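Coordinates in review
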Amino acid sequence: MKVAILLVLGVVLLFVLRLTKPQLQHAAEKLSILWFRLAFAFLVLFLLNIAGGFVGVYVPINLGSGFLLALLGIPGAASLLILAVFL
């Protein structure tokens, strides 16, 4: 297991070393936008749980629902609410 982790880290490091400075800056910018959207998605999930508690709808706060909401936005929130109501 440790060998596999070291191998994956080595391959990722080789790909990062091959990037030029503008490519690395672009990748870092995209990654920071994703982290911000993920943090905001967890805030929205928390607020959905508070508001949904009044009507008995519970949306789980986990990494999967956070990424779904971060990547899809409002349609992701609608799909999470629909899944929470019907499941």
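Provided above is the structure to which this section pertains.
Residues numbered from 1 in each chain as written. Predicted model: local features only at pLDDT ≥ 70, side-chain atom pairs only at ≥ 80, totals over all residues. Heavy atoms only, no water.

What to know about a nonpolar patch on the surface
Stated formally: Here a patch means residues that are over 30% exposed by relative accessible area and free of salt bridges, tied together within 9 Å if like-charged and within 5 Å if nonpolar (Val, Leu, Ile, Met, Phe, Trp, Tyr). Working definition of accessibility: Shrake-Rupley area with a 1.4 Å probe, residue cover restricted to the visible protein chains. The term salt bridge refers to a pairing of a side-chain nitrogen on Lys or Arg with a carboxyl oxygen on Asp or Glu at a separation within 4 Å. Strands here are runs of E lasting at least two residues and helices are runs of H or I lasting at least four, both read from the DSSP assignment and numbered beginning at the N terminus.
A cluster of nonpolar side chains, contributed by Phe-36, Phe-40, Leu-43, Phe-46, Leu-47, Ile-50, Phe-54, Val-55 and Ile-61, occupies part of the molecular surface with about 1000 Å² of accessible area. As for its placement among the helices and strands, Val-55 is situated in the loop between helix 2 (21-53) and helix 3 (63-72).

Section: the side chain of Ser-65
Our working rule: Whether a residue is buried, partly exposed or exposed follows from its accessible area with a 1.4 Å probe, protein chains only, as a fraction of its type maximum: under 20%, in between, or over 50%, in that order. Any N or O atom pair separated by 3.5 Å or less is treated as a polar contact, with the protein-specific requirement of one donor-capable and one acceptor-capable atom, and with residues adjacent in sequence counted only for side-chain atom pairs. Contacts between residues were defined by any pair of non-hydrogen atoms, one from each residue, lying within 4.5 Å.
Its location among the elements puts Ser-65 in helix 3. Residue class for Ser-65 comes out buried when judged on its relative accessible area of 6%. Separated by 2.9 Å, the side chain of Ser-65 and the backbone oxygen of Pro-60 make a polar contact. Every residue in contact with Ser-65, bar those within four places of it in the chain, is listed here: Leu-45, Pro-60 and Leu-80.

Structural notes on the nonpolar core
To be explicit about the condition: Each nonpolar core is a collection of buried residues, namely Ala, Val, Leu, Ile, Met, Phe, Trp, Tyr and Cys, held together in the definition by side-chain atoms within 4.5 Å.
Grouped together as the largest cluster of nonpolar side chains are 9 residues: Leu-38, Ala-41, Leu-45, Val-57, Val-59, Leu-69, Ala-70, Ala-77 and Leu-80. Elements represented by at least two residues in this core include exactly helix 2, helix 3 and helix 4 (74-86). At 3 residues, helix 2 tops the list of elements feeding residues into this core. Among all residues touching Val-59, those that are not within four sequence positions of it are Leu-45, Asn-49, Leu-80, Leu-81 and Ala-84.

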